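Read off the chains here:
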Amino acid sequence: MIKRSLALVAGIALSVSAVVSQAADVLKVSAIPDEAPTELLRKFKPLGAYLEQQLGMKVEFVPVADYAAVVESLAADRLDMAWLGGFTFVQTRLKTGNAIPLVQREQDEKFTSKFISADPAVKSLQDLKGKTFAFGSVSSTSGSLMPRYFMQKDGIVPEQFFSRVAYSGAHDATVAWVQAGKVDGGVLNASVWQKLVDAGKVDTGKVKVFATTPTYYDYNWTVRGTLDPALAEKIKQAFLALDPANPEHKAILDLQAASRFIPTKPENYQGIEEAARSAGLLK
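Here the residue numbers are simple positions, counted from 1 along each chain's written sequence. With the structure being a predicted model, the display of local features is reserved for residues of pLDDT at least 70 and the display and counting of side-chain atom pairs for 80 or more, all residues being used for whole-chain, interface and lining totals. Heavy atoms from the whole structure form the basis of all side-chain values; hydrogens and water molecules are not counted.

A. Summary view of helix α4 (residues 86–96). Working definition: with a 1.4 Å probe on protein chains only, accessible area under 20% of the residue-type maximum means buried, over 50% means exposed, and in between means partly exposed. Here a strand is any run of E in DSSP of at least two residues, a helix any run of H or I of at least four, and the numbering for each starts at the N terminus. For α4, the set of buried residues is G86, F87, T88, F89, V90 and T92. Contacts: residue pairs with any heavy atoms within 4.5 Å of one another. Buried residues along α4 sit against α3 (67–75), β3 (81–84), β4 (100–105), α5 (141–153), β10 (220–223) and α11 (270–278).

B. View of the pattern of salt bridges. Salt bridges are identified by distance alone: a Lys or Arg side-chain nitrogen within 4 Å of an Asp or Glu carboxyl oxygen. Tallied over the entire structure, the rule returns twelve salt bridges. A salt bridge links E60 to K28, with the nearest nitrogen and oxygen atoms 3.1 Å apart. Here K28 lies in strand β1 (residues 26–31) and E60 lies in strand β2 (residues 58–61), a separation of 32 residues in the sequence. The class of E60 is partly exposed, set by a relative accessible area of 29%. In this structure K28 comes out as partly exposed when scored by relative accessible area, which is 29%. Residues E39 and R42 are paired through a salt bridge, measuring 2.9 Å at the closest nitrogen-oxygen approach.

C. Highlighting the sheet that holds strand β5 (residues 113–117). Strands pair, by our definition, only if DSSP identifies at least two bridges between them. Judged by pairing direction, the sheet is mixed, and its five strands sit side by side in the order β7-β6-β8-β5-β9 without closing on themselves. This sheet does not close on itself; its edge strands, each paired only once, are β7 (164–167) and β9 (208–212). The mean inter-strand angle of the sheet, taken between neighbouring strand axes irrespective of direction, is 30 degrees. Where β5 meets strand β8 (residues 185–189), five bridges bridge the pair, whose relative direction is antiparallel. Counted as the bridge partner of I116 is G186 from β8. Axis definition: a line fit to C-alpha positions, over the contact stretch in the case of helices; interaxial angles, taken between N-to-C directions, run 0 to 180 degrees. This element, α5, spans β5, β6 (132–135), β7 and β8 of the sheet and lies at about 125 degrees to β6. Running at roughly 100 degrees to β8, helix α8 (residues 190–198) makes contact with β5, β8 and β9 of the sheet.

Laid out in structure tokens, this is it:
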């Protein structure tokens, strides 16, 4: 009886070990849902294939419902790595205490947001006083937090300044709302704005940029703090090895709207944390 019990325990232990081993062979990756899910997957597929080749392991993209789900999943070790905005990184770092930002795009050192409107009379934010306005997601660095922070520095409290403040949920949705006349103005990530313009997905004869924020740090690729350090380093080096002179690499970089990737560190996001605290979004 004792031998049978020991054999059963050993069998369970082996099964658990096999599951853990199998899980360790899959890198689970996600991204904040700041664009349509189909677009996020399209952008990730070539990068995922490249990482599989470089790391010698399967890389799986795991879509999430909202920004908070990315933070929770990294904190609970359900994700290994995620593409985060500056504010989402700050939230993740504060929640986990050990999340590690590996790399950012070169332009994420000096990122901006674009204020847009389809009303030709709008030349500045003051022209939108008493009108309707859209941010992206409430947790978006470039679509909400930093634009709000810079507005407040100029003495504009959105909920008092505009007749109505709405949240579209994503950058491309903000453009669609402005173009359709659902709101009089909005703000979004400069990179997504340029991508939509280049793809002909916004009528630039109708929707115009009328202002740009000062620069700030934004997006990065972050890994959970409990990830094997050797694997984290391999991931980092894979990103840094992407060379725009290599046509295959350039295709990956173009989809990421990146000229190249550079190392980053937690200290780069202190300004974001200060902005979030001043906006009352962190306790």
